[in-house]
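Spelled out, the chains give:
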Amino acid sequence: MALDAATAVIAILAGSAPLHLIRVLSPLGCVIRPVTGLPQDLATDRGPLPACDLVVVEAGAQDPRAVLALIARVRSLAALARTPLLLIAPEDAEPVRREAAAAGATDVMAYPVDPFALRTRVGNLIELALARRAAEHQGRVAAHTVERAVVEAAAREREIIRRLMLAAEFRDDQAGGHLTRVAGCAIAIAEGLGLSEQEANDIAFASTMHDIGKISIPDHILMKPGALTEAEREEMKQHALRGYRMLHDSPSHLLQLASDIALTHHERWDGEGYPQGLRSTEIPLAGRIIAVADVFDALISERVYKKAWSLERARQHIEAHAGTHFDPDCVAAFVSRWSDIVVLIAEHPPESAAA
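(A) Looking closely at helix α13 (residues 328–336). Restricting attention to buried positions, one finds in α13 the residues C330, V331, A333 and F334. Buried residues of α13 fall within an arc of 160° about the axis and therefore sit on the same side. Residues of α13 that are exposed and point over 90 degrees away from its buried face: D329 and S336. With a side-chain oxygen positioned 2.9 Å from the backbone nitrogen of D329, the residue opening α13 is D327.

Pasting the structure below:
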């Protein structure tokens, strides 16, 4: 029987030196480590056990209850919880076979043991252990490979998003700062709502594409230095649906999240928003979060058609429109993280923003 003798280890637990078992099993070429005089200690957590691929317990004249306790002890050790365990029982093994199996024994043999039969049984159990070890190693390698592939895919997703944002910034040189502040506010609101760090970060990163549809808006509307006409406003509103269409059919979680945000960040809690007129929790949570963050940043930013509002005035506006324009829970989360938002704006101030 071909075994990996360089790595296969057999631990023999016995009341005295198991020389006869060592002689019988030596032809297998495994490392044999006898542990003698310790069954009681092992059963009460005081004795050591070597790392091994097979445990052989020679019951001998030991009290059957002590032997069962020893088997249970072996099984309680994390390193040996799945290691094959062979019990060599006294002449009449049937009374203990069921109890030994319940305690964790893989197999039971009874004296007198035929040397060939014992070697064959032990060889089969060792092969089982080595095959499982190889399978577990392959599983770890596969898991690492999958994990690395997931990390690389996530990095590619973020690279795509960053490049899309570069395209948006070519149309509006103030877009970068706006996206940074909206993303920071989104994290604050998401965390205030009790979302996980990963969920908050995903929403923030996806939020950087909330206005990606504006790359489809003609320059004479997007860059107009004044109020838009009714027709121009209707054309501007199309950026939400166009941004969604750019992103929605991607298998990427981040791009799907971004498509939801692009489509719904102009919806209102009372149903008076666009493009679908969704209301309340019909609006995805990410869209409701970005609605607050986007409007807040628009208020504190100077535009050709308006002056920048102070932070306090913008906050009061957000609070005053909880339950009409905004999700009240998102507004409460926004207010609960106000100190973080003030720091964010100080670190990334809008151009010409009011103090």
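The discussion continues.
(B) A look at the sheet that holds strand β4 (residues 85–89). Overall, parallel pairing links the five strands, which are arranged β2-β1-β3-β4-β5 in an open sheet. One side of each edge strand has no neighbouring strand; the edge strands of this open sheet are β2 (31–36) and β5 (107–110). Strand-to-strand, the axes of this sheet are offset by a mean angle of 20°, without reference to chain direction. Here β4 runs beside β5; their pairing, made up of four bridges, is parallel. Residue L86 lies in a different strand from β5, and its bridge partner there is D107.

(C) Representation of the layout of surface pockets. Reported here for the second largest pocket is a volume of approximately 200 Å³. If you trace the second largest pocket, you find 13 residues lining it, with T83, A129, R132, R133 and E136 closest to the centre. Here the lining of the second largest pocket is built from residues that sort into six nonpolar, one polar and six charged.

Quick notes on the rules
Residues numbered from 1 in each chain as written. Predicted model: local features only at pLDDT ≥ 70, side-chain atom pairs only at ≥ 80, totals over all residues. Heavy atoms only, no water. Buried < 20%, exposed > 50% of the residue type's maximum accessible area, 1.4 Å probe, protein only. Helix = DSSP H or I, 4+ residues; strand = E, 2+ residues; numbered from the N terminus. Arc of directions from axis to C-beta. Polar contact = N/O pair within 3.5 Å; in protein donor to acceptor, adjacent residues only side chain to side chain. Pairing = 2+ DSSP bridges. Axes fitted to C-alpha atoms, helices over the stretch in contact; angles between N-to-C directions. 1 Å grid on protein atoms, 1.4 Å probe; cavity = no way out; pocket = protein on both sides within 12 Å on 5 of 7 lines; lining within 4 Å. Points joined across faces, edges and corners; volume = space filled by probe spheres on them. Nonpolar A, V, L, I, M, F, W, Y, C, P; charged D, E, K, R; others polar.

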